Amino acid sequence: MVGFSSFLFVSSNLLPRWLEVLLTEKFYNACLIHEEAKKNEKNIYCLDCCISLCPHCLPPHRSHRLLQIRRYVYHDVIRLDDATKLIDTAYVQSYTTNSAKVVFLNQRPQTRTFRGSGNICCTCERSLQDPYVFCSLSCKIDYLIRTEGGLSNYLFECKFLSLPEPGPEDGLITPDSVLEPSGSARTSSGSGGNGSVGCRNLACTAATADQIVRKKRSSVSAYRAACRPVCSPVSEISAAALMNRRKGNPQRAPLY
């Protein structure tokens, strides 16, 4: 399995500049220009300049396309509505936090490989809700580059992208964050904001989605077969007998 972080350097020429920087930028660091100011975390991304900004850096970029970066379980996420204006997000696991649907930008590190039954990410094998097959945007991008050689069919032309109205809960991690219902794998392609969003006639077709699901399920089956422990019927019966064996009545020593 090839991780996206290592694959990115090989295939960076296949990504537009704004996307390459977005997936490698470190957000929520203190802004060095406004080091003494309050709320100086760099949690805004300018797609036109390909740089991260803090709220105090905004005035020169007001007319640019701006993307708000949020934090969920200590990792960078963006609103699903914003993501769908830029890239096809079908079959990417989404979450709900602070009443907003979000998706992870990058795959998260795992301490152990998933070995149970259920749905897993096609790229990093993280456990997912059915029928999702990608845990983050970078995992889907990695898969598309490896299987289709590029992203031209999955990127949208977005001419306008503005920040949402500021609120007290923006960017916070909340305990009521939940998974999206399993029936909402295909995201809406509706418009948002006050400007035009590019056409979406190049979104994933049902055939492409079914092909991804078939490949994933076959890989899951092979993975399970490889990890299944070899155990003879005799040993299984013996183990079950040991687990179910019950003690007899206690024998009391005779009294003299």
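Owing to the predicted nature of the structure, the values given are computational and were not obtained by experimental measurement.

### Some details on the overall build of the chain
(1) Moving on: Looking only at helices and strands, the chain features six helices and ten strands.
(2) Moving on: Looking at the chain as a whole, 41% of its 256 residues are labelled buried.
(3) Moving on: Taking as baseline every contact in the chain between residues at least 6 positions apart, the subset at least 24 positions apart corresponds to 61%.
(4) Moving on: Element-wise, carbon and sulfur atoms account for 53% of the exposed surface of the chain, whose accessible area totals about 15300 Å².

### Overview of the environment of Gly149
(1) Moving on: Here Gly149 is to be found in the loop between α4 (137–148) and β10 (178–179).
(2) Moving on: Sequence separation of Gly149 and Leu14 is 135 residues, and the distance between their C-alpha atoms is 8.0 Å.
(3) Moving on: Sequence-distant contacts of Gly149, defined by excluding residues within four places in its chain, comprise Leu14 and Leu144.

### Re the sheet that holds strand β3 (residues 66–68)
(1) Moving on: What the three strands build is an open sheet, ordered β2-β1-β3; its pairing is antiparallel. With one partner strand each, in any of the chains shown, β2 (51–53) and β3 form the two edges of the open sheet. Averaged over all pairs of adjacent strands, the angle between strand axes in this sheet comes to 30 degrees, irrespective of strand direction.
(2) Moving on: Relative to β3, strand β1 (residues 44–46) runs antiparallel, the two being bridged by three bridges. Counted as the bridge partner of Cys46 is Leu66 from β3.

### A closer look at the environment of Cys158
(1) Moving on: Along the chain, the position of Cys158 falls in the loop between α4 and β10.
(2) Moving on: Assessed through its relative accessible area of 4%, Cys158 is described here as buried.
(3) Moving on: Sequence separation of Cys158 and Thr84 is 74 residues, and the distance between their C-alpha atoms is 9.8 Å.
(4) Moving on: Excluding its chain neighbours within four sequence positions, the residues that come into contact with Cys158 are Arg65, Lys85 and Leu86.

### Topic: empty space enclosed by the protein
(1) Moving on: One pass over the full model with this rule turns up one cavity of 30 Å³ or more.
(2) Moving on: Roughly 50 Å³ of volume is contained in the largest cavity.
(3) Moving on: Taken together, Trp18, Leu19, Leu22, Ile78, Ala83, Leu86, Ile87, Leu105 and Leu137 make up the full set of residues lining the largest cavity.
(4) Moving on: At the level of secondary structure, the elements contributing two or more residues to the lining of the largest cavity comprise α2 (17–24) and α3 (80–86).
(5) Moving on: With three residues, the single largest contributor to the lining of the largest cavity is α2.

### Brief notes about the pairing of strand β5 (residues 75–79)
(1) Moving on: With four of its five residues buried, β5 lies for the most part within the structure.
(2) Moving on: Pairing of strand β4 (residues 70–72) with β5, which is carried by three bridges, proceeds in the antiparallel orientation. What sits directly across from Tyr72, in β5, is His75.
(3) Moving on: Two successive antiparallel strands, β4 and β5, enclose a turn made up of two residues, where Val73 displays a positive phi of approximately 45 degrees.
(4) Moving on: Here β5 pairs with strand β7 (residues 100–104) via three bridges, running antiparallel. Bridged to Ile78 within β7 is Val103.

Rules used in this analysis
Each chain carries its own residue numbering, running from 1 in the written order of its sequence. Thresholds applied to this predicted model are a pLDDT of at least 70 for local features of residues and 80 or more for the giving and counting of side-chain atom pairs; totals over whole chains, interfaces and linings are not thresholded and use all residues. Water and hydrogen atoms were dropped before computing side-chain values, which therefore reflect all heavy atoms in the structure. Counting from the N terminus, the helices are the DSSP runs of H or I reaching at least four residues and the strands are the DSSP runs of E reaching at least two. Classification of residues uses two cut-offs on accessible area relative to the type maximum, computed with a 1.4 Å probe and protein chains only: under 20% is buried, over 50% is exposed, and between them is partly exposed. Between two residues, a contact is recorded if the distance between any of their heavy atoms is within 4.5 Å. The accessible surface values rely on the Shrake-Rupley method and a 1.4 Å probe; as for residues, cover is taken only from the protein chains in view. Two strands pair under a simple rule: DSSP has to find at least two bridges between them. Interaxial angles span 0 to 180 degrees and are taken between N-to-C directions of axes, which are lines fitted to C-alpha atoms, for helices over the stretch in contact. Here a cavity is any set of points on a 1 Å grid over the protein atoms alone where a 1.4 Å probe fits but cannot get out, and a pocket is any open set with protein on both sides within 12 Å along at least 5 of 7 lines; a residue lines the site when it has an atom within 4 Å of a point. Grid points are joined across faces, edges and corners, and a volume is the space filled by probe spheres set on the points.

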